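Here is what each chain is made of, one letter per residue.
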Amino acid sequence: MALRVCEARIDGCGVHEEPVAGRGETGLPPRARREALLAVAARLFGDRGYQSVTMEEVGAEVGMTGTGVYRHFATKGDLLSAIVARATESLQLGLSRALSAATTPAAGLDNVVAAYIDFAMAHTDLVNVLLAEVMNVPQPYRHRIRRAEHDYVAEWVCLLAATHPELDRTTVLFRVHAVLTVINDVARTPHLRGQPGLVDKVRLVAAAVLHG
């Protein structure tokens, strides 16, 4: 899988020259306090880790006291759970849209990959939290999150298996996880996110790994 990723050809792809807009760039913050808390907490949890961030620090970022934060979220665990729920729901909505726009497994897979790349590049804070902080989500909600993640990946596996029936299940699983890892790593690497034509390049790498 590592060799397949490294050997993926991305030249001659006719990429666009606009850099990907990512976290940390200027933009309008949400006015609703709850939404502002979710956005700030996702950034802080992604940057420093859930255990290192206090509710008071989250509140201070949006001009609220710790008491004000607790009016929206009873515990820090509830705040993390809301962030993770936002991320998983977004993924499922993107998956549903991608599948509804396809008529074949191959087209569905291409759509699903494109949808995940768009999500990861636009919401790197949520990706960071999903990858690193789910173990801190209170039970039993953690089990539901793990099931949702499993079901999401299973859709990729089914689509790739239907597109390439010659592949054994182990190969299908490795290819799917390799593509997800590449997308996540690129999205979480600031100097890569600023490259021109990045989305097109990542899509080509994903296609080479999945179909090569």
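Along every chain, residues carry numbers that run from 1 in the direction the sequence is written. Selection of residues for local features in this predicted model requires a pLDDT of at least 70, selection of side-chain atom pairs for listing and counting requires 80 or more, and totals for whole chains, interfaces and linings are taken over all residues. Side-chain metrics in this entry use all non-hydrogen atoms of the structure; hydrogen atoms and water are not considered.

So, on to the overall build of the protein. A count of helices and strands for the protein gives eleven helices and zero strands. Labels follow the DSSP assignment, with helices taken as runs of H or I lasting at least four residues and strands as runs of E lasting at least two, numbered in each case from the N terminus. The helix and strand sequence of the protein, counted from the amino end, reads α-α-α-α-α-α-α-α-α-α-α. Exposed residues in this analysis have more than 50% of their type's maximum accessible area, buried residues have under 20%, and partly exposed residues fall in between, with area computed by a 1.4 Å probe over protein chains only. Residues classed as buried in the protein amount to 42% of the 212 residues present. Within the protein, residue pairs in contact and separated by at least 24 positions form 73% of the contacts whose partners lie at least 6 positions apart. Should any heavy atoms of two residues lie within 4.5 Å, those residues are counted as being in contact.

To continue, consider the confidence of the model for the protein. With 85% of its residues at a pLDDT of at least 70, the protein reaches an overall mean of 88. A score from 0 to 100, pLDDT tells how confident the predictor is in each residue. Confidence scores differ between elements of the protein, with helix α1 (residues 2–7) showing the lowest mean pLDDT of 61 and helix α6 (residues 105–122) the highest of 97. Counting contacts from residues 12–19, a segment whose pLDDT is below 50, to residues more than four positions away or on other chains yields 13 contacts.

Let's shift gears to the pattern of salt bridges. Oppositely charged side chains can form a pair if their charged atoms are brought close together. Think of a salt bridge as a Lys or Arg side-chain nitrogen and an Asp or Glu carboxyl oxygen that are within 4 Å of each other. Taken as a whole and judged by the stated rule, the model has six salt bridges. A salt bridge links Arg86 to Glu35, with the shortest nitrogen-to-oxygen separation between them at 3.0 Å. Taken together, the residues span a long stretch of sequence, with Arg86 in helix α5 (residues 76–100) and Glu35 in helix α2 (residues 33–48) at a distance of 51 residues. You can call Arg86 partly exposed: its relative accessible area is 30%. For Glu35, a relative accessible area of 30% translates into the label partly exposed. One salt bridge in this structure joins Glu149 and Arg146, with 3.2 Å as the shortest N-O distance. Of this pair, Glu149 and Arg146 both sit in helix α8 (residues 141–163), three residues apart, which is roughly one turn of the helix. Note on Arg146: relative accessible area 40%, which makes it partly exposed.

Once that is clear, we can look at the packing of α6 against helix α9 (residues 169–187). Note on geometry: axes are lines fitted to C-alpha atoms, helical ones only across the stretch in contact, with angles between N-to-C directions running from 0 to 180 degrees. For the pair α6 and α9, the least separation of the axes is 9 Å and the interaxial angle reads 25 degrees. As the angle between them shows, α6 and α9 are arranged roughly parallel. As α6 packs across α9, the resulting crossing turns out to be right-handed. In this structure, α6 contributes Tyr116, Ile117, Ala120 and Met121 to the contact, and α9 contributes Leu180, Ile183, Asn184, Val186 and Ala187. Ten residue types, Ala, Val, Leu, Ile, Met, Phe, Trp, Tyr, Cys and Pro, are classed as nonpolar, four, Asp, Glu, Lys and Arg, as charged, and the remainder, Gly among them, as polar. Partitioned by chemical class, the residues of the contact of α6 with α9 number eight nonpolar, one polar and no charged. Orientation is classified from the angle alone, with under 35 degrees giving roughly parallel, over 145 giving roughly antiparallel, 65 to 115 giving roughly perpendicular, and any other angle giving oblique. Whether a crossing is left-handed or right-handed is set by the direction in which the near helix is turned from the far one by less than a right angle, anticlockwise for left-handed and clockwise for right-handed.

Take the packing of α6 against helix α7 (residues 124–132) next. Where α6 meets α7, the closest approach of the two axes is 5 Å, and the angle between their N-to-C directions is 100 degrees. When the axis of α6 is compared with that of α7, the two are roughly perpendicular. Judged by residue contacts, Phe119, Ala120, Met121 and Ala122 of α6 engage Thr124, Leu126 and Val127 from α7. Taken together, the residues of the contact of α6 with α7 sort by class into six nonpolar, one polar and no charged.

A few words now on α5. Expected span of a helix, by definition, is 1.5 Å for each gap between consecutive residues, and there is one gap fewer than residues. With 25 residues, α5 should cover 36 Å at 1.5 Å per step; its first-to-last C-alpha distance of 36 Å lies within 8% of that length. Distance and chemistry together define a polar contact, namely a pair of N or O atoms within 3.5 Å, with one atom able to donate a hydrogen and the other to accept it when in protein, and with adjacent residues in sequence counting only for side-chain atoms on both sides. Here α5 starts with a cap whose side-chain oxygen sits 3.3 Å from the backbone nitrogen of Gly77, and that cap is Thr75.

Moving on to the nonpolar core. Buried residues of nine kinds, namely Ala, Val, Leu, Ile, Met, Phe, Trp, Tyr and Cys, make up a nonpolar core once their side-chain atoms join them within 4.5 Å. The biggest cluster of nonpolar side chains holds 65 residues, and the ones touching the most others in it are Phe45, Leu79, Ile83, Tyr116 and Trp156. When residues of this core are traced back to their parent elements, those giving at least two are α2, α3 (55–61), α5, α6, α7, α8, α9 and α11 (198–211). With ten residues, α5 is the largest single contributor of residues to this core. In contact with Ile83, other than residues within four places in its own chain, are Leu38, Ala41, Ala42, Phe45, Leu126 and Val129.

Note on backbone geometry: most residues besides glycine have negative phi, and most peptide bonds are trans. Residue Pro140 follows Gln139 across a cis peptide bond; omega there is 0 degrees. Tracing the sequence through the fold places Pro140 in the loop between α7 and α8.

With that settled, consider the packing of aromatic side chains. Here the aromatic set is Phe, Tyr and Trp, taking the six-membered ring for Trp, and pairing holds for ring centres within 6.5 Å; pairs whose planes are under 30 degrees apart are stacked, those over 60 apart are edge-to-face, and all others are tilted. All told, the structure shown has five aromatic pairs when counted by the stated rule. Between the aromatic rings of Tyr152 and Trp156, the centroid separation amounts to 6.2 Å while the plane-to-plane angle is 55 degrees, which identifies the pairing as tilted. Of the two residues, Tyr152 and Trp156 both sit in helix α8, four residues apart, roughly one turn of that helix. We classify Trp156 as buried; its relative accessible area is 0%. Connected via pairs of aromatic rings, a cluster forms that spans Tyr116, Phe119, Tyr152 and Trp156.

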